[in-house]
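# Overview (structure and organization)
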Amino acid sequence: MVGTAPSTAATWSNWAGNQRATATAILRPTSLADVTEAVRTATAAGDRIRVVGSGHSFTGVAVTDGRRMELTDLDTGVRVDVDHRLVTVPAGITLRALNDLLAAHGLALPNLGDIDAQTIAGAISTGTHGTGAAYGCLSTFVEALTLVTGTGEVLRCSADEHPDVFAAARVSLGAVGVLVEVTLRCVDAFVLHAHERPAPLGAVLADVPALVEGHDHAEFYWFPYTDRVQVKTNDRVPADDRPLPRWRGWLDDEFLSNTVFEGACRLGRAVPALAPGISALSARALTERRYTGRSDRVFCTPRRVRFVEMEYGLPREALGEALGALRRIVDGLPFKVLFPVEVRFTAADDIWLSHGYGRESAYVAIHQYVGMPHEPYFRAFEQVAEGLGGRPHWGKLHWRDAASLAPAYPRFPDFLAVRDRLDPDRLFANPHLTRLLG
């Protein structure tokens, strides 16, 4: 049976605390049959359902004043095919749990972003990505999936079975059905060698092609009000022969990047004039380091300092122009920016609503500490990014609508046609999706 939480649990907020909602009921299905029953019951009642993952999207994508469905207890079984490097898992499993499951079988995902708290359903539905010239978003690793449509139909989809639904559902914002099961193509477990180093921004921008093509995974962080960046590259190596000492991991990733940075952000929020100095100090506090480790443990780091974020996928050749405009925006704001800017890179893919559809991308992610002004900053950069052909990350703040998004995605009409077919009564709609999809 579908579990329903008491009314005190009806209020929900996301990780950043910038999105809140109160549901009419909380649904916690434990089986595929529970999901189909919940869909049919809501349809009969004229109510709506939104599926909620770990709350790591900054947009209103999960907000609902109807029924909220949580997939934490959904059990469709786990199937691991080591020989073919395939794993099938319930859609509510977190990336952290998935990574541990794969490691126990000598497998790994080919790439990851920098946090692992999301559910696999939430991660693929919003186009979550890592960095690397040869890798698209996490949705490109999906080999097959099962979803329950707005009419209560169960569809098993792959490149060979319902291929149009497969192309839509791999990045869908939860608009075409409830994902209940996902099959992922994995690789043999691997070790990464991480190299983190400070560098001048100009030198890095002048050598972006070599940086991106010369490493398996490359990214950098620009510190506002400075000319400094922190470059991070990850490359596959045969042996874990240079593990990070426990004390160094704690010092860098726990104490400096979370405890000290949190304190610095609070100080900058209280005394904004200190922000440029804090940014310069942060840039110089991060020294060079090299280490090896299990792939997911190198990719993912703890993030406990709360922030809001906007991220845009841009044609890779537009990166220099975008960052030049961003620097001018930051310098002209009537308030200060406390977080560094993250730049990552992905390969082109063929998923209809993927930010990387049909082109190699550079991603620029801008952040602001919770409680600090952010909207003028984000809107100004959005205007620049949209003018350069940018596509907003579906899980990050933006103000685009269907009219402005349709020209950015060549297969936008095809996605809408699949949505019309699978959810004709808009069971899975909410105001955010109505703005984005019409």
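About the criteria used
Residues numbered from 1 in each chain as written. Predicted model: local features only at pLDDT ≥ 70, side-chain atom pairs only at ≥ 80, totals over all residues. Heavy atoms only, no water. Disulfide = S-S within 2.5 Å. Pairing = 2+ DSSP bridges. Helix = DSSP H or I, 4+ residues; strand = E, 2+ residues; numbered from the N terminus. Axes fitted to C-alpha atoms, helices over the stretch in contact; angles between N-to-C directions. Phe/Tyr/Trp six-rings, centres within 6.5 Å; stacked < 30°, edge-to-face > 60°. Buried < 20%, exposed > 50% of the residue type's maximum accessible area, 1.4 Å probe, protein only. Lys NZ or Arg CZ within 6 Å of the ring centre and 35° of its normal. Expected span 1.5 Å × (residues − 1). Arc of directions from axis to C-beta.

With that settled, consider the state of the cysteines. Think of a disulfide as a covalent bridge from one cysteine sulfur atom to another cysteine sulfur atom. Under the counting rule described, the total for this entry stands at zero disulfides. Unpaired in this structure, C137 has its nearest cysteine sulfur neighbour in C186, at a distance of 15 Å.

What follows covers the sheet that holds strand β7 (residues 79–81). Strand order in the open sheet formed by five strands is β7-β8-β12-β10-β11, and the pairing between neighbours is antiparallel. Lying at the two open borders of the sheet, with one neighbouring strand each, are β7 and β11 (154–158). In this sheet, neighbouring strand axes are inclined to one another by 15 degrees on average, regardless of whether the strands run parallel or antiparallel. Of the strand pairs in this sheet, β7 and strand β8 (residues 86–90) are connected by three bridges, and their pairing is antiparallel. Along β8, the bridge assignment pairs V80 with V87.

As a further point, take the sheet that holds strand β15 (residues 217–222). Strand order in the open sheet made by the eight strands is β17-β14-β16-β15-β19-β20-β18-β21, with antiparallel pairing throughout. On the outer flanks of this sheet lie β17 (289–294) and β21 (391–392), each paired with one strand and no other. Bridge count for strand β18 (residues 307–315) against β21 is two bridges, and the pairing is antiparallel. Pairing of G313 across the sheet is with R391, part of β21.

On to the packing of aromatic side chains. Describing an aromatic ring pair means giving the distance of the ring centres and the angle of the ring planes. Scanning the model with the defined rule gives nine aromatic pairs in all. Pairing Y312 with F381 gives two aromatic rings, centres 6.5 Å apart and planes at 85 degrees, and the pair type is edge-to-face. In this pair, Y312 is assigned in strand β18 and F381 in helix α11 (residues 375–387), connecting sequence segments 69 residues apart. Neither Y312 nor F381 differs from the other in exposure class; each is buried. Pairing W394 with Y409 gives two aromatic rings, centres 5.5 Å apart and planes at 25 degrees, and the pair type is stacked. Taken together, the positions of W394 in the loop between β21 and α12 (402–405) and Y409 in the loop between α12 and α13 (412–422) put the pair 15 residues apart, joining distant regions of the chain. Y409 shares its class with W394; the two are buried. Taken together, the aromatic side chains of W15, F58, F261, F307 and F339 make up a single cluster linked through ring pairs. When the ring centre of F190 is taken as origin, the NZ or CZ atom of R236, which lies over that ring, is 4.0 Å away.

Between its first and last C-alpha atoms α11 spans 18 Å; for 13 residues at 1.5 Å apiece the expected length is 18 Å, and the two agree. For α11, the full list of buried residues reads Y377, F378, F381, E382 and A385. For α11, the buried positions fall inside an angular range of 125 degrees around the axis, keeping them on one side. In α11, the exposed positions that point more than 90 degrees away from the buried face belong to Q383 and G387. Looking one or two residues past α11, G389 carries a phi angle of roughly 85 degrees, positive in sign.

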